[in-house]
Amino acid sequence: ILFSLYVAALFIEGWSKQISLTGLTFLLAFITSHLLHIFILKKFGREKEIDGVNYHTETYQSEIFLLLVTLIALISVILVVINIWGMTDWLKATSVLGILAILVFSTKDVWVPDNISGLILLYNGDIEPGAVVKIEEQDLLAIVVQTSLTRTIFRDLKTRHHVVLPNTVVRNSKLEILSKGPASGLLEFVYFNIAYGTPVSEVEALLNTVWQKACELSNALNAEKEPEISLVETGDHAVCWRLGYKLKNLYQMLEVECLINRIAYEYAESHQIDLQTPLTHNVAVNNDAVV
């Protein structure tokens, strides 16, 4: 655009100076704004390592200053360009100000909600970068990567893909902040359906062995905290048992669950314990008739 303006200034008589100054104004405004943005991010932003990757993330203060710099740069450019072209009378015309006011008011539903929600999310600090959250409405279990004025970027724990949600969607959804748990780690559970008739001692041995081997194979578990073994439900076709464990590294949440299931399957196979859900019916025999 700047190159086109300078080329046009060579062929348009009378306006060459105005066109050149206008292009120079845009260039200076862009460079100044860009340098200020870099300074603000270094001064008020922060760099955080998330699952082995370094991210430059914004804070509430950096976004406020970035917004102010952008507004000041935009207003300054408009005023300078008006003066370059000698259209100072436009500033006195209520029609021009009215058009600008109508433009801002008509588009407020597009940019105002996300910007306000972004500032609120940054100010509260609940979903800071690196936090692990669960959003049931969006079927999302992910790491928070970055929150800006308009959107929040997540990294899905299942697919490792980046997921972008508008800030209004994030604020209006139910958030489970899993990383705000106790220092000992997040309490997670894995459920097993075990056939009726399996002695309790065998089930407890199974789950204890699974937990011990999982602690040996993964450093994401808190080996200092004993597992919680509970009988959750005596269902129609199987007994539901639950293994609870403390998870220190939430980024490996799904990997640990898969590891525990694999260890349990291997142990159950070798000890002939049924992890399936058998189809069980009570058959009543009345004389020669089967009901």
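It should be emphasised that the depicted structure is a prediction, and the values quoted were computed from it without experimental measurement. (Residues numbered from 1 in each chain as written. Predicted model: local features only at pLDDT ≥ 70, side-chain atom pairs only at ≥ 80, totals over all residues. Heavy atoms only, no water.)

(A) Representation of the overall build of the chain in the model. Of the regular secondary structure elements, the chain holds 9 helices and 12 strands. Counting only residues that meet the buried cut, the chain has 34% of its 291 residues in that class. (Helix = DSSP H or I, 4+ residues; strand = E, 2+ residues; numbered from the N terminus. Buried < 20%, exposed > 50% of the residue type's maximum accessible area, 1.4 Å probe, protein only.)

(B) Local environment of the sheet that holds strand β8 (residues 186–194). With antiparallel pairing, the 3 strands of this open sheet are ordered in space as β8-β10-β9. Because the sheet does not close on itself, it has two edges, and the strands there are β8 and β9 (228–234). Neighbour-to-neighbour, the strand axes of this sheet turn through a mean angle of 25°, independent of strand direction. Looking at chain direction, β8 and strand β10 (residues 239–247) are connected through 9 bridges and run antiparallel. Residue pairing in the sheet places Phe192 in a bridge with Trp241 of β10. Lying on the sheet, helix α8 (residues 200–217) is in contact with β8, β9 and β10; it crosses β10 at an angle near 30°. (Pairing = 2+ DSSP bridges. Axes fitted to C-alpha atoms, helices over the stretch in contact; angles between N-to-C directions. Contact = heavy atoms within 4.5 Å.)

(C) Region of the structure containing helix α9 (residues 253–270). The end-to-end C-alpha separation of α9 is 26 Å, in line with the 26 Å expected for 18 residues at 1.5 Å each. Among all positions of α9, only Met253, Val256, Leu259, Ile260, Ile263, Ala264, Tyr267 and Ala268 are buried. The arc that holds the buried residues of α9, viewed along the axis, is 160°, so those residues lie on one side. Across α9 from its buried face, at more than 90 degrees, point the exposed residues Cys258 and Glu269. Looking at the buried residues of α9, the elements they touch are β3 (132–135), β4 (140–147), β8, α8 and β10. Gln272 sits one or two positions beyond α9 and adopts a positive phi of about 55°. (Expected span 1.5 Å × (residues − 1). Arc of directions from axis to C-beta.)

None of the figures reported here should be taken as evidence of function without further support.
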